[in-house]
Protein chains: 2
Amino acid sequence: MRILILGGDGYLGWPTAMYFSARGHDVGVIDNMIKRQWEAEVGAEPLFPIPTLTRRVSRWRTATGRNIESFVVDIARNPRGLYNSLQQFKPDTIVHYAEQPSAPFSMRNRDACVETMTNNVAGTLNLGHAMMSACPNAHLIKLGTMGEYGTPNIDIEEGWLEITHKGRSDRVLFPKRPGSFYHLSKVADSQNLEFMCRIWGLRVTDLNQGVVYGVNTEETAISDDLKTSFHYDAVFGTVLNRFVTMAAVNFPLSIYGKGGQTRGYLNILDTLRCVELAANTPAKQGEFRVFNQFTETFSVAELAERVVKVARQLGLKVSAENLENPRVEAAQHHYQAANSALLSLGLEPRLLSDAMIADMIESVRRSSDSVQKESLKPTISWRQ
Amino acid sequence: MRILILGGDGYLGWPTAMYFSARGHDVGVIDNMIKRQWEAEVGAEPLFPIPTLTRRVSRWRTATGRNIESFVVDIARNPRGLYNSLQQFKPDTIVHYAEQPSAPFSMRNRDACVETMTNNVAGTLNLGHAMMSACPNAHLIKLGTMGEYGTPNIDIEEGWLEITHKGRSDRVLFPKRPGSFYHLSKVADSQNLEFMCRIWGLRVTDLNQGVVYGVNTEETAISDDLKTSFHYDAVFGTVLNRFVTMAAVNFPLSIYGKGGQTRGYLNILDTLRCVELAANTPAKQGEFRVFNQFTETFSVAELAERVVKVARQLGLKVSAENLENPRVEAAQHHYQAANSALLSLGLEPRLLSDAMIADMIESVRRSSDSVQKESLKPTISWRQ
C-alpha cells in the first residue's frame with residue numbers, strides 16, 4: 001500500500017514508517033519538526049541523539065535499499081503544503097500521529113494550552129479537507145488516546161455506546177471526560193472526524209491508544225542512526241519509560257499520589273502491529289471506527305513495584321516514592337475498558353514481562369550518562 | 001452586579017448590554033468587530049445600518065444617562081488584552097457571546113472551518129485562563145446551542161445524562177452529534193469548560209440556546225442608533241428571521257428539503273430574560289451547569305406555514321418553496337428536549353404568536369428597500 005505517516009519524526013511515527021517500509025509498502029512521512037522545539041522549550045531531550053529526519057531517511061535507504069519519501073510540512077499552519085503532499089504522494093492509507101502529544105505540556109500555561117488545542121485540532125481539520133480534495137477514498141488511521149474517556153464509573157466501550165434512555169435507544173459517541181487540555185484536543189478531533197465521516201463519507205479509524213512503552217523496535221535496532229526518540233522526562237516521557245529510566249540511573253521512582261491510577265498500556269511493538277491491522281482492514285466509506293488500543297491495565301503503583309523488583313534483581317539499588325500528585329485525577333476509580341476489536345483482527349499481545357522490563361532497563365543503562373536527572377521530576381501543576 | 005458582555009457588538013450581545021444597563025447594573029462590553037468583517041466576506045449586511053460600538057455606547061449614554069464601558073479586544077488572538085480588560089473591569093458576571101455564530105459560514109471552506117474552530121475554542125480557553133488570573137470567582141455564562149446535541153433518537157436532557165451501563169451508573173456529559181463545524185466548536189467549548197470547572201473550580205453556566213428570533217427589544221426601540229444587527233441572509237440569518245424577511249419582500253420562503261427538521265426556538269426577549277435568570281442565580285464554585293434555553297419547538301415547515309398564513313392576512317402575496325437541502329441533516333427525526341431548568345428559575349415564555357409574526361413582518365417591511373434579495377438564497381453546501 002501507499003502509506004503516509006504524519007508525525008514521522010516522532011517516537012511512534014518514525015518506527016511506524018520503517019515498519020511499513022521494511023514490509024514492502026511505499027512509505028512517505030510528513031513532519032515539521034516542531035516537537036524538537038517543544039522539547040527544547042521544556043528542557044527535555046530524548047535519551048539517544050536523534051539525527052534529522054533527512055539523515056534518518058538517508059540512513060534507512062543505505063541500510064535497506066528502501067526509499068521513504070519525506071515532506072517537511074506544518075499540517076496545522078500550512079494547509080496548501082498538506083494538500084500538495086497528498087496530491088503528490090497519493091496515499092491510500094494515512095497514519096496521523098502529528099499532534100502535540102503531552103498532557104503536562106498542554107497544562108503548562110495558557111499559551112501551551114491554546115497551542116496544543118489549535119495545533120492538534122486545526123491539523124486534523126486541515127487533513128480532513130485535504131483528503132476530500134486529494135484522496136477522498138484513502139483510509140485515515142488517527143491516533144487518539146484512552147485518556148479521552150477519563151475514568152468513568154461505567155465500563156468503557158470502543159468509541160461508541162448503545163444507550164437506552166426513557167424507553168428509546170440510540171448509538172452515540174461514548175461520553176468523554178478527559179483529564180488535560182491535550183486529551184481534550186483529541187476529544188475534539190474525534191468529534192470532528194466523526195462529523196467528516198458522516199457528511200463527506202470519509203473513512204476513519206480512531207485508535208484510542210493506551211500508554212505506550214518500549215525503547216526499540218526491530219527496525220530501530222538496525223543502527224544507532226535509526227533509533228527512535230525515547231523520552232524519559234516528566235513532560236514527554238510516558239510513565240513506564242520514566243520508571244525504567246529512573247531505575248537505570250538510581251533515581252527514586254516518582255509515583256504521583258498513591259499510584260491508584262489505572263490505565264491501559266501496550267508495547268511499542270504492539271502499536272506498530274495494531275496500526276498494521278487497522279491498515280489491512282480499513283474502515284468503510286463513511287465509517288468512523290474506534291478501536292481501544294491497549295493490551296493490559298496496570299495501576300501506577302503496580303508498575304512501580306514491577307520495575308523496582310526487576311531492577312533489584314539486576315543488582316540496582318532502587319526505591320519508589322510517593323509525590324503529591326501534580327495532576328487533578330481520581331486517586332481510586334473503576335476501570336474496565338473493552339479492547340476486543342484489535343484482538344479479533346489478530347493482535348497477539350506482547351504482555352509486559354520481567355524480561356522486557358530488564359531489557360528496557362539495560363537499554364537505558366547503556367546511555368545512562370545522557371540522562372538529565374533534573375527533568376525526571378514533575379514541575380507542571382494541573383492547579384492554578 | 002458588574003457584568004461584562006463578550007461579543008457586545010452582536011445581535012444578542014448589544015441588546016444584552018443595554019438590558020442589564022437599563023436595570024441598573026454596571027455593564028462592560030468587549031468586542032473586536034470581526035463579525036462585521038465576516039459579514040462583508042460573504043456579502044451580508046444587517047437589515048438596519050448599525051453604528052459603531054463607540055457610537056452606540058455614546059448614544060446609550062445620551063439616551064439614558066447610563067455608562068457602558070467598552071473594550072476593543074480580540075479575545076482569541078490577544079489574550080493579554082483580555083486579561084487586562086478583566087483586571088480593569090473586575091466583573092462578577094461574564095456573558096460570553098464572542099464567537100463566530102453561523103453554521104453555514106463554518107461550512108464555506110477549509111479556511112472558514114478552521115477559523116471558526118480556532119477562533120471560538122481559543123477565545124473560550126483564553127477566557128478561562130484570564131478568569132483564573134483576574135476574577136476566579138466570577139460566574140461565566142457561556143452561550144452554546146441546542147445544535148450541539150444534534151437530533152439523537154433519545155430524549156435530550158440538559159447537558160448531563162444519568163446513565164446505567166452493564167449494571168453501573170454515572171452522570172456524564174450528554175453525548176453530542178452536531179451538524180456543522182460551528183456546532184462542533186461549541187461542543188469543544190463545552191468539553192473544555194467542564195474541565196476548567198472540574199480542575200480549577202471555575203463556575204460556568206452553559207446556555208444551549210435554541211434558534212433566536214426577533215427584531216427589537218425594549219432598549220433597541222429607544223432609537224434607530226440603538227437597533228441590533230438583525231440578519232436575514234442565508235449565512236447569518238436564523239430561519240424565522242429569514243422567513244419574515246422573505247414574506248416582507250415577497251420572496252418565496254425557502255424550506256430546505258421537506259422542512260421536517262424540528263428545533264427549539266425562543267424570542268430574543270426571552271434570551272435576555274434567560275441570561276438574567278442565570279446571572280441572578282449563579283452556578284456554584286466548580287459547577288458546570290447546563291440549561292437548554294428554548295421555549296417551544298417547531299419544524300421548519302410549520303414555521304413557514306405560520307409565516308405564510310400571517311403574511312397573507314396582512315395582504316402580502318407570499319408562498320413557500322422546497323429547495324434541495326444544502327445541509328446534511330435528518331429529514332425526519334425524534335425531537336424531545338428538556339428545558340425545565342430556566343422555567344423553574346422563573347422564565348415565563350413569550351410563545352410565538354401570530355401578532356408577533358405580524359409585528360416582525362411589519363418591522364422588516366419598513367426597511368424592505370434595504371433587503372438584498374440575492375443574499376436570501378443558500379449558496380453554501382455541506383457536501384464537498
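Residues numbered from 1 in each chain as written. Chains lettered and ligands numbered in written order. Predicted model: local features only at pLDDT ≥ 70, side-chain atom pairs only at ≥ 80, totals over all residues. Heavy atoms only, no water.

**Topic: the overall build of chain A**
In step 1: On a plain count of helices and strands, chain A comes out with twelve helices and 14 strands.
In step 2: Taking 21 Å as the expected radius of gyration for a compact globule of 384 residues, we find that chain A reaches 20 Å, a close match to that expectation.
In step 3: By principal-axis analysis of the C-alpha atoms, chain A measures approximately 65 × 55 × 40 Å.
In step 4: Out of the 384 residues in chain A, the part that is buried amounts to 65%.
In step 5: Within chain A, counting contacts between residues at least 6 apart in sequence, those at least 24 apart form 82% of the total.
In step 6: Total accessible area computed for chain A in this model is approximately 13400 Å², and 46% of it derives from carbon and sulfur atoms. (Helix = DSSP H or I, 4+ residues; strand = E, 2+ residues; numbered from the N terminus. Rg over C-alpha atoms; globule rule 2.2 N^0.38 Å. Buried < 20%, exposed > 50% of the residue type's maximum accessible area, 1.4 Å probe, protein only. Contact = heavy atoms within 4.5 Å. Areas by Shrake-Rupley, 256 points an atom, 1.4 Å probe, with all protein chains shown as cover.)

**Re the confidence of the model for chain A**
In step 1: Residues of chain A with pLDDT of at least 70 account for 100%, and the chain-wide mean is 98.
In step 2: Overall fold confidence for the complex sits at a pTM of 0.98, while the interface term, ipTM, reaches 0.97. (pLDDT = per-residue confidence, 0-100.)

**Let's talk about the pattern of salt bridges**
In step 1: Taken as a whole, this structure holds 52 salt bridges over all chains when the rule is applied.
In step 2: For D354 of chain B, the salt bridge is made with R306 of chain B, and the minimal N-O distance between the two is 3.3 Å. On the criterion of sequence distance, the pair formed by D354 of chain B in helix 12 (residues 354–365) and R306 of chain B in helix 10 (residues 300–313) is long-range, its members being 48 residues apart.
In step 3: Classification of D354 of chain B by relative accessible area gives partly exposed; the value is 25%.
In step 4: The exposure class of R306 of chain B is partly exposed, given its relative accessible area of 22%.
In step 5: Where salt bridges share partners, they join E99, K142, K186 and D189 of chain A into one cluster. (Salt bridge = Lys/Arg side-chain N within 4 Å of Asp/Glu carboxyl O.)

**Looking at the relation of the copies chain B and chain A**
In step 1: Least-squares fitting of chain B to chain A yields an RMSD of 0.0 Å, with the transformation described by 0.0 Å of translation along the axis and a rotation of 180°. Put plainly, the chains are arranged around a two-fold axis.
In step 2: Looking at the interface residues of chain B, 100% of them are also at the interface in chain A, so both copies use one shared face. (Least-squares fit on C-alpha atoms with pLDDT ≥ 70 in both.)

**A word on the pairing of strand 10 (residues 253–256) of chain A**
All names here are of chain A.
In step 1: Of the two faces of strand 10, the one carrying L253 and I255 and the one carrying S254 and Y256 are both buried.
In step 2: Note: strand 10 against strand 14 (residues 320–323), four bridges, orientation parallel. When the bridges of strand 14 are listed, Y256 appears paired with L323. (Pairing = 2+ DSSP bridges.)

**Remarks on the environment of L277 of chain A**
All names here are of chain A.
In step 1: Within the fold, L277 resides in helix 9 (residues 268–280).
In step 2: For L277, a relative accessible area of 6% translates into the label buried.
In step 3: Sequence-wise, L277 and L343 are 66 residues apart; in three dimensions their C-alpha atoms are separated by 9.6 Å.
In step 4: Among all residues touching L277, those that are not within four sequence positions of it are L342, L345, G346 and L347.

**Considerations on the packing of helix 6 (residues 110–134) of chain A against helix 6 (residues 110–134) of chain B**
A pair of packed helices can be characterised by two numbers: the angle between their axes and the separation between those axes.
In step 1: Running from N to C, helix 6 of chain A and helix 6 of chain B cross one another at 160°; their axes reach a closest spacing of 10 Å. Taken together, helix 6 of chain A and helix 6 of chain B sit at an angle that is classed as roughly antiparallel. Seen from above, helix 6 of chain A lies across helix 6 of chain B with right-handed handedness. Here R110, C113, V114, M117, T118, V121, A122, L125, N126 and H129 of chain A of helix 6 of chain A come into contact with helix 6 of chain B, specifically with R110, C113, V114, M117, T118, V121, A122, L125, N126 and H129 of chain B.
In step 2: When the residues that make up the contact of helix 6 of chain A with helix 6 of chain B are grouped by side-chain class, the tally is twelve nonpolar, six polar and two charged. (Axes fitted to C-alpha atoms, helices over the stretch in contact; angles between N-to-C directions. Parallel < 35°, antiparallel > 145°, perpendicular 65-115°, else oblique. Left-handed = near helix turned anticlockwise from the far one by under 90°. Nonpolar A, V, L, I, M, F, W, Y, C, P; charged D, E, K, R; others polar.)

**Here we look at the sheet that holds strand 13 (residues 296–299) of chain B**
All names here are of chain B.
In step 1: Here three strands make up an open sheet; going across it, the order is 9-11-13 and the pairing mixed. Each edge of the sheet is formed by a strand with only one pairing partner; in this case those strands are strand 9 (211–213) and strand 13. On average, adjacent strands in this sheet sit at an angle of 45° to one another, irrespective of strand direction.

**Description of the interface of chain B and chain A**
In step 1: Listed by partner, the interface residues are 53 residues for chain B and 53 residues for chain A.
In step 2: Summed over both sides, the interface between chain B and chain A buries roughly 4900 Å², with carbon and sulfur atoms accounting for 64% of that surface.
In step 3: When the buried surface of chain B facing chain A is broken down by residue, R110, R168 and Q384 of chain B rank first, second and third, together holding 14% of it.
In step 4: The interface formed by chain B and chain A contains four salt bridges.
In step 5: When the shortest N-O distance is used, the salt bridge between E157 of chain B and K166 of chain A registers 2.8 Å.
In step 6: There are 20 residue pairs in polar contact (both at pLDDT 80 or more) connecting chain B and chain A.
In step 7: For the side of chain B that touches chain A, the secondary-structure elements that each account for two or more residues are helix 4 (79–89), helix 6, strand 6 (160–165), strand 7 (168–173) and helix 7 (181–200) of chain B.
In step 8: Looking at which element gives the most residues to the side of chain B that touches chain A, the answer is helix 7 of chain B, with twelve residues.
In step 9: Here the side of chain B that touches chain A is composed, by residue class, of 29 nonpolar, 13 polar and eleven charged. (Buried area = accessible area lost by both parts, 1.4 Å probe. Polar contact = N/O pair within 3.5 Å; in protein donor to acceptor, adjacent residues only side chain to side chain.)

**Concerning the sheet that holds strand 9 (residues 211–213) of chain A**
Residues and elements named next belong to chain A.
In step 1: In spatial order, the strands read 9-11-13; together these three strands make up an open sheet with mixed pairing. The sheet terminates laterally at strand 9 and strand 13 (296–299), the two strands that pair on one side only. Each neighbouring strand pair of the sheet contributes to a mean axis angle of 45°, computed without reference to strand direction.
In step 2: Note that strand 9 and strand 11 (residues 262–267) share three bridges and pair parallel. Residue V211 lies in a different strand from strand 11, and its bridge partner there is Y265.

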